[in-house]
Amino acid sequence: MTASGTEGELAAAALCPGVGSGQLLPLDEPLSFWGGTDRRTGMIIDAHHPQHGTSIAGRVLLMDATRGSSSSSSVLAEQLRAGVGPAAILLTARDAIVALGALAAAELYGTAMPLAMLDAGASATLRTVAGPMPIVSVTARADGTAAVVLQPPSIPRQTKDPS
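What this report covers is the structure whose coordinates are included nearby. Only a predicted model underlies this, so the values are computations on that prediction, with no experimental measurement involved.

1. Here's the deal with the sheet that holds strand β3 (residues 60–63)
Line of reasoning, step 1. Strand order in this closed barrel of seven strands is β1-β5-β4-β3-β2-β6-β7, and the pairing throughout is mixed. Strand after strand, the sheet turns through a mean of 35° between neighbouring axes, direction not considered.
Line of reasoning, step 2. Note that β3 and strand β4 (residues 88–91) share four bridges and pair parallel. Across the sheet, Met-63 pairs through a bridge with Leu-91, a residue of β4.
Line of reasoning, step 3. Its contacts with the sheet place helix α3 (residues 96–109) against β1 (8–16), β4 and β5 (115–117), and it is angled at close to 85° to β1.

As structure tokens, then:
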């Protein structure tokens, strides 16, 4: 994958299996799902977070780590059940609380959200992708492997002039 937006694949480690895609949302700081997001809407409500007021619903979150309470797992599971949770989460460090939330949602509600861990280089590559709101697909497999694919930008089709 290159920062120019060409299609490519990054290897990652799967923490929770699933498949998801959505607009990339790189977070500037760690986020707590409990107290940092609204469980009913998926909005970031932490007034001190740089992305305050941004929705995580259907997005691929990219963050180094999470912050906060062990209750974050239940908030994440409920957001996934309600359809206002992220499409996938990419971390650069293992996080048992987020993994528990993703696993609980899969087990209780049949909602599998991929959770994968990137190395620092892959995370930096995603953070430097040019263009507005790139679409990222994440496939996290039960064997522990994962693939993160940046979708190529759509190129408008040109039509011939009928004259």
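Still to come is the rest of the account.
2. Describing the nonpolar core
Line of reasoning, step 1. Core analysis: the largest hydrophobic core is formed by 23 residues, its most contacted members being Phe-33, Leu-61, Met-63, Leu-76, Ile-89 and Leu-115.
Line of reasoning, step 2. Elements represented by at least two residues in this core include exactly β1, β3, α2 (72–82), β4, α3 and β5.
Line of reasoning, step 3. Sequence-distant contacts of Leu-61, that is, excluding residues within four places in its chain, are made with Leu-25, Phe-33, Ile-56, Pro-86, Ala-88, Ile-89 and Leu-90.
Line of reasoning, step 4. Formed by 19 residues, the second largest nonpolar core is a distinct cluster that contains Ala-88, Leu-126, Ala-140 and Ala-146.

3. Quick notes on the side chain of Asp-38
Line of reasoning, step 1. With respect to the element layout, Asp-38 can be found in the loop between α1 (33–36) and β3.
Line of reasoning, step 2. Note on Asp-38: relative accessible area 16%, which makes it buried.
Line of reasoning, step 3. Apart from the residues within four sequence positions on either side, Asp-38 is in contact with Met-43, Ile-45 and Gln-79.

4. A closer look at the packing of aromatic side chains
Line of reasoning, step 1. Tallied over the full model, the rule gives zero aromatic pairs.
Line of reasoning, step 2. In this arrangement the basic side chain of Arg-81 is found over the ring face of Tyr-109, its NZ or CZ atom lying 6.0 Å from the centre.

5. Remarks on the side chain of Arg-59
Line of reasoning, step 1. Among the structural elements, Arg-59 can be located in the loop between α1 and β3.
Line of reasoning, step 2. An unpaired buried charge is present at Arg-59: no salt bridge exists, and Asp-28, the closest side chain of opposite charge, is 11 Å distant.
Line of reasoning, step 3. Polar contacts involving the side chain of Arg-59 include one to the main-chain carbonyl oxygen of Gln-23, which spans 3.4 Å.
Line of reasoning, step 4. Within the structure, the side chain of Arg-59 is placed 3.4 Å from the backbone oxygen of Leu-24, a separation counted as a polar contact.

How each quantity is defined
- Residues numbered from 1 in each chain as written.
- Predicted model: local features only at pLDDT ≥ 70, side-chain atom pairs only at ≥ 80, totals over all residues.
- Heavy atoms only, no water.
- Pairing = 2+ DSSP bridges.
- Helix = DSSP H or I, 4+ residues; strand = E, 2+ residues; numbered from the N terminus.
- Axes fitted to C-alpha atoms, helices over the stretch in contact; angles between N-to-C directions.
- Contact = heavy atoms within 4.5 Å.
- Core = buried A, V, L, I, M, F, W, Y, C linked by side-chain atoms within 4.5 Å.
- Buried < 20%, exposed > 50% of the residue type's maximum accessible area, 1.4 Å probe, protein only.
- Phe/Tyr/Trp six-rings, centres within 6.5 Å; stacked < 30°, edge-to-face > 60°.
- Lys NZ or Arg CZ within 6 Å of the ring centre and 35° of its normal.
- Lys, Arg positive; Asp, Glu negative; His and termini not counted.
- Salt bridge = Lys/Arg side-chain N within 4 Å of Asp/Glu carboxyl O.
- Polar contact = N/O pair within 3.5 Å; in protein donor to acceptor, adjacent residues only side chain to side chain.

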